[in-house]
Structures are given as structure tokens and as C-alpha cells.
Amino acid sequence: MELSTALTILVVDDDRGHRELVRRNLRRGGVANPIISLSTGNQALDYVFCRGAYSERKGDTELLLLLDINMPGVDGVEVLRQIKSDPKKKTIPVIMLTTTDDPREIKLCYELGCSVYVTKPVDPSAFIETVKRLGMFLVVVRVAEEA
Amino acid sequence: MRTSKSLIRDPASYLAAIVDSSGDAIIGNDLNGIITSWNLAAEGIFGYTASEVIGRSISILAAPGVVDEMPSILAQIRNGETVAHYETDRCRKDGTRIPVSLTASPIRDSFGRIGGASKIVRDISDRKRAERDLQRLHEESERRTMELEAEISRRKNAEGYFRLVVEAAPNAMIMVDAEGRIALINSRTEKLFGYERQELLGQPVEILVPERFRTGHLDHRSGFLGAPAVRAVGTGRELFGVRKDGSEVPIEIGLNPIDGQRSFVLASVIDITERKRAQAALSDVHRLLELRVRELSDANRELAKKNEEVEAFVYIVSHDLRAPLVNLQGFSKELEMSCEELRQCLLAPEPLNEGRFRTILDEDIPSSLRYISGSATKFQRLIEALLQLSRYGRQQYRSEELDLSSLVQTTLDSMRVSIAASGAHVSAGPIPPAFGDATAIGQVFSNLIGNSLKYLQPGRPGLIEIGGEIENGFAHCWVRDNGAGFPPSAKPRLFQVFQRFHPDLAPGDGMGLAIVRRIVEHHGGKVWAESEEHVGTTFHFTLPGERAPHR
């Protein structure tokens, strides 16, 4: 896996089992980066914007968000909206986690300005494959941003 | 007198002077008709001088085409007779005819012998002309009289014809004179207004105008007489006539000025009662049609809304059912992989990696199993919740009069333990009665109050207040709290299944409000909520104030 080790991965999902599956499969796919599991949209925003329980966090860590869409309270849509409307944070790569490849969910992801989504790891080998391709994608994105 | 003295001295000259001064021609002739004397007047009348005619025959004066009566006159003269005032035509020197009256007398000598004739000829042209004029005048007046008689008879015929036409008209016809008095009506008019002909003739036409329009009608009438023209009356206005019995009849009027020696207005009046009725019936049908169309489009909209709801429901349900499925499938795979790893460990030729072996056996496999059983339980709970919701949807609700105040008291009594545990203060004001199913409405109050208890703002004593009032025939109830509230973004999904906003504050399946909505809407009521995060929430719902038709 070519991910920069300085990159911290945020997995945001209200379902603990889903978070655990994502974590295990990232590890199984060779991702050694720190993985932080969060269960609500509010926690995710607090983490990203270094406030609330995370006010002590240094904001210079590079982040990658794996974001569930449907969450109680502040949902994935709202988290994405707030990140994309912040000039400093809008470059954070956000990958939507979908339960299915239901066209409606995918359409929603595109509408939110997020062209990347992964289906939750029902089949680990497929998930790992996706994460690997995602790694390539992120490298490409980084190179493009640095150029 | 000097003249008369000299004349008296010469009697012949005196006579000659008298003859010459006569206005009538005095002509003397002998018994053969030879002119012997010719006075000045004769010169004037006939155009011949005395010297031209004396010695010539009197016949030169005969008018051509007139039988020469000279011989017979001469014969009478010879017999001593006088021909008096004989009227005939004579001829002038220039050939023109001249009507004359002549008197011929015999002239006797001193022995009494007739020696000639004296003729006094009077020009009667003027008299003749006057006579002719008189005759013409007479004829003219005769002709005029005849014409007048003809005109009178024509008019009499025309009037008769006019009356016939009016009488035969299919409409009520009313002829009104310049003073606004009824001069002529037909039998249709009698029938339409319920009057006898004699009751209307000579009456002001306003007798047929309803009281409230009379003043206006007078103005219209004088306006029309000022500028008469064929036209319809009251375009764009509704016109009414009044019958003898006081009842009113909707009418349409056409006006037609008639010019004669006196001006009249002929009004044609049409009874439009039937037309009005037809129009009213038509517009009733229209209204009904519009109503039906509106009802249909309302029903359509309602159906479309329901359809959307069903779709949203299916989407949410399938999504939420899939969440535990993801875990079941995912952790089954995890178990599979753990097994594979264990097998690898056992088959490995090297000494057993006990640490890894234990981790798999003590952590990986048990946690996978926990997730699997937890998800299975969750799956089971969701299915049960759905079944419950479906039961609320299919249930036959009774429509009985409910004492909501006591229903709320009963509900609060049953929740005493959890209220006490929350430490919240719950109060209930008077609530108006409503119609519905006691068990179901009890459930609504219980879910809403339970909701308030669950989502109190941490660190603040809870206050829950239940109240109600009558509004537009509905009982409007509310449950108000000072709890955690929810953000505006949560509002659209609030009453949908499996929606949870504060999973951290209390456990639940996100079913309570969906059930509340299902029950309330099945009762024909509405449910909605107002909320401010960290301040509080008020849930409102309405119930019918009267018995529902059997559903």
C-alpha cells in the first residue's frame, strides 16, 4: 500500500460492526496507517475541525475520511457539506461508504461532489480490491495537487 | 268745365269722345257686315287701326276654326233684336285668339229704320284666365282630396297590418309613446305580465319595471328618446320585469324607434326564465365538474404522496435491514478467514505461534460471533418493529368519544415508574374530547411522552407539559418538553421508520414516531413537530372532534 504513513484514516459509521469490518479489511489489505473509528457525524466534524473532545488535536495531520451516509443526527451528507464548504478542509479526500451499490445512493454521492464511494465490505476480497485501487487513486490525486 | 261747355255746344263730338274713352271696343257696321266705325279700345284689343279696318268686313275678326256667327248675328240685328253678352273667340291682327263678350244692337236712323249694328266687344281674357285658374285650382283640390283619401285608407291598412304583425310576434311587444305611456301591446305581453290589455294601455311603461329599477328606467327612457336607435337594452346587465302579481321575471329587451307624426318606441321583450334556468343548470354542472376534477386531482396528489411515502418507506426499510445483513455477511467471512488462519497455524511446520493462535481463538472468533448474534438480534427486532407498524396500519380503529384528559391521566399512571426514574416534572392541562380508538390514542400519548422522557437535555431538570384545545372542529393536542430537541435538518425524516437522532441518549429502534403518525393519520388527523436543539420540542397532533364515518 502506497499511502503516506503520515495519513490518518477516519472511519465514520454509526454501526460498530461496520466500522470493525472496514478496519479489519483495511489492515488485511496492508494499510498500516492509523485508523480512527467514530460513530457520529458530530464526532467526525469535531475531529476534522479540532474542536469539542478533539480541541487539543493538531490540525496539520493529513486525513482521509471513510464516511457513512445514513447516520442519526448529523448524517454523512451534512458532514461532507461542512467539510466541502470550508476553504482549508475542502481538500480532505472523502470516500462515501455505501451499504449497497443502489443507484440512488451513488447518485447522492455524486450530487454531494464526491466521486468516490466504496461499498461496505460484505465481500472482503472485493473490498480489499477497492481499497487498493483507492490507494492508487489517492496517489494520483496527491501528485496532481503537488504539481 | 270748359270742356263740358264746348262738348255741350257740339253733341256729336261729345258722343265721339264718350265712345273713344270706352274701355270696350265699340264697332259699328252696316247690315252687310262692313265696318263703319272703330274706336280706340277696338284698336287696343284687335291691333288694327281704324283706317285699316273701316270699309272691310267684320269677318276679318273671326277666329279661325270658329263658325262665323256674323251672318246669324246680322240676321238678328235686321230683325231688330239685340244680341247681348255673347261670348266667343275673335282673332287679332297678329293672329292670336282673344276671348271676348260681345253685345250687338241695331242702329236705327231718325225714321226708325235699321241701318247697321253697333257692337260692344269686351276683352274677357283676364276673366277667362281667372276662370281657368279657378278651374285648375278646383281640379287640384279635387286631386289632393282624392290623394288624401287614398293615403288615409293606405295608412289605415298599414296600421292594421302593423297591429297584425305585432300581435303575431313570438315575443311580448310593447309600443310606448314619447311620454312613456303604453300605446299598444300584444297578447304575449298580457300573458307574460299577467295584465289584461285594457289595464296596460295608457299606463306608464314603468308599471312593468320592478320598483327598485324604476328611477333608473326613467333616465334610460329619456336617454333613448334623445338618441333613438335600434338596440338591445341592458347589455351586460340583468333585466327584470314585474308581473301584476308582483313576481319578477328575467327578461331581455330590444328597442326599435318608430318615426311617424308622433314618435314611438317598440320594445320586444323576451322571457329568459328558461334560458336562465338552463344557464344555472349548466353552471351547476360546471361547478360540479370542477369540484369532481379538483377532488380527483386532490386524490391523485394524495395518491402520489402516498406512493412517494411507500417508496421512501421501502427504501429506508431495505437500507436499514441491510445494515445488520452487512454485519452478518461480513463477520461470517471473518469467521471463515479466522478458521482458515487457524488451519494454517495448525498445519505450519514451525512451532505453534501460540500468541497468534490465542488471539484468533480468544478475540477474533468471539468478536465475530458477538457481531453476528448481535446483528441477528437487531434484524429480528427490526422485523418485529415493522410487523408492529404494519399492524397499526391494518388495524380497525374504533371511533368512540374519548375523554382525552382522563386518557392522558391513565397513560401517565402507567408510566409512573419511568417518569419517576427520569426525575422530570410532568403536568397535564385540560384537553377537549375527541373521537377515536382509546387504545391507539393512549399509545400515541405514551409514545410522545416516552420520547420526551428519553431525550431530555442532560443536566437540566425535565419539564413535560401536555395540553389541548378545540380548533376548526378538531381536538388539537400537544406534548411539550424542554429536552434535547433536534436540528431542522432532521425534520423531513422525523416521522419515518428507523430514524434516530440521539442514539447516544437512549436505546430504540426509531419506530415510536412512525407509529404515532400512522395512528393519527388513520384517525384523519395530522401530526407535526417544532423543535430547537438544546431548548425543547413540541409535538402536535389533531383528532376529529366528531364521529368518523365507518372506515
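Each remark here, short or long, concerns the structure printed above.
So, how was this worked out
Residues numbered from 1 in each chain as written. Chains lettered and ligands numbered in written order. Predicted model: local features only at pLDDT ≥ 70, side-chain atom pairs only at ≥ 80, totals over all residues. Heavy atoms only, no water. Core = buried A, V, L, I, M, F, W, Y, C linked by side-chain atoms within 4.5 Å. Buried < 20%, exposed > 50% of the residue type's maximum accessible area, 1.4 Å probe, protein only. Helix = DSSP H or I, 4+ residues; strand = E, 2+ residues; numbered from the N terminus. 1 Å grid on protein atoms, 1.4 Å probe; cavity = no way out; pocket = protein on both sides within 12 Å on 5 of 7 lines; lining within 4 Å. Points joined across faces, edges and corners; volume = space filled by probe spheres on them. Nonpolar A, V, L, I, M, F, W, Y, C, P; charged D, E, K, R; others polar. Salt bridge = Lys/Arg side-chain N within 4 Å of Asp/Glu carboxyl O. Contact = heavy atoms within 4.5 Å. Buried area = accessible area lost by both parts, 1.4 Å probe. Polar contact = N/O pair within 3.5 Å; in protein donor to acceptor, adjacent residues only side chain to side chain. Pairing = 2+ DSSP bridges. Axes fitted to C-alpha atoms, helices over the stretch in contact; angles between N-to-C directions.

Participant: So what exactly am I meant to see when it comes to the nonpolar core here?
Facilitator: Most often, soluble globular proteins keep nonpolar side chains buried together rather than apart. Residues and elements named next belong to chain B. Core analysis: the biggest nonpolar cluster contains 52 residues, and Leu404, Phe445, Ile466 and Phe541 have the highest contact counts within it. The leading source of residues in this core is helix α14 (residues 438-454), at 7 residues. Tyr48, Leu61, Ile77 and Leu102 belong to the second largest nonpolar core, which has 22 residues in total.

Participant: Before we go on, may I ask you to explain the environment of Gln198 of chain B in this structure?
Facilitator: You can see Gln198 of chain B is positioned in helix α8 (residues 197-200). For Gln198 of chain B and Leu184 of chain B, which are 14 residues apart along the polypeptide, the C-alpha to C-alpha distance reads 10.0 Å.

Participant: Would you mind going over empty space enclosed by the protein with me for this structure?
Facilitator: Here the idea is plain: a probe the size of a water molecule rolls over the atoms and shows the empty space left. Residues and elements named next belong to chain B. Scanning the model with the defined rule gives 2 cavities of 30 Å³ or more in all. Taken as a whole, the second largest cavity holds about 40 Å³ of empty space. Lining the second largest cavity are Ile27, Phe46, Ile58, Leu61, Met70, Arg90, Leu102, Lys119 and Val121. Per-class residue counts for the lining of the second largest cavity are 7 nonpolar, no polar and 2 charged.

Participant: Is there a simple way to think about the pattern of salt bridges in this case?
Facilitator: Pairing is possible between side chains that carry opposite charge, provided their charged atoms lie close to one another. Residues and elements named next belong to chain B. The final tally for this structure, using the stated rule, is 39 salt bridges over all chains. Here Arg129 ties to Asp126 by a salt bridge, and the two come within 3.0 Å at their closest N and O atoms. Separated by 3 residues within a single helix, Arg129 and Asp126 lie in helix α6 (residues 125-168), roughly one turn from each other. Its relative accessible area of 55% is what places Asp126 among the exposed residues. With a closest N to O distance of 3.5 Å, Glu211 and Arg214 form a salt bridge.

Participant: Got a minute to help me understand the interface of chain B and chain A in this structure?
Facilitator: Contact residues are listed per partner, giving 21 residues for chain B and 24 residues for chain A. Carbon and sulfur atoms make up 56% of the area that chain B and chain A hide from each other, which totals about 2,100 Å². At the junction of chain B with chain A, the criterion picks out 3 salt bridges. As a salt-bridge pair, Asp75 of chain A and Arg493 of chain B come within 3.7 Å of each other at their nearest N and O atoms. Summed over the shared surface of chain B and chain A, the number is 7 residue pairs in polar contact (both at pLDDT 80 or more). Counting only elements with at least two residues in the side of chain B that touches chain A, the list comes to α10 (273-347) and α11 (354-394) of chain B. A total of 13 residues in the side of chain B that touches chain A trace back to one element, the largest contributor, which is α10 of chain B.

Participant: Can you help me understand the sheet that holds strand β2 (residues 35-38) of chain A in this one?
Facilitator: Hydrogen bonding along the main chain pairs the strands of a sheet, whether they run parallel or antiparallel. All names here are of chain A. Across the sheet, which stays open at both edges, the 5 strands sit in the order β2-β1-β3-β4-β5 with parallel pairing between neighbours. Edge positions in the open sheet fall to β2 and β5 (117-119), since each of these has one partner strand only. Each strand axis lies, on average, 25° off the axis of its neighbour in the sheet, ignoring direction. Contacts between helix α3 (residues 76-84) and the sheet are confined to β3 (62-68) and β4 (94-98), with β3 contributing the most and set at about 150° to the helix.

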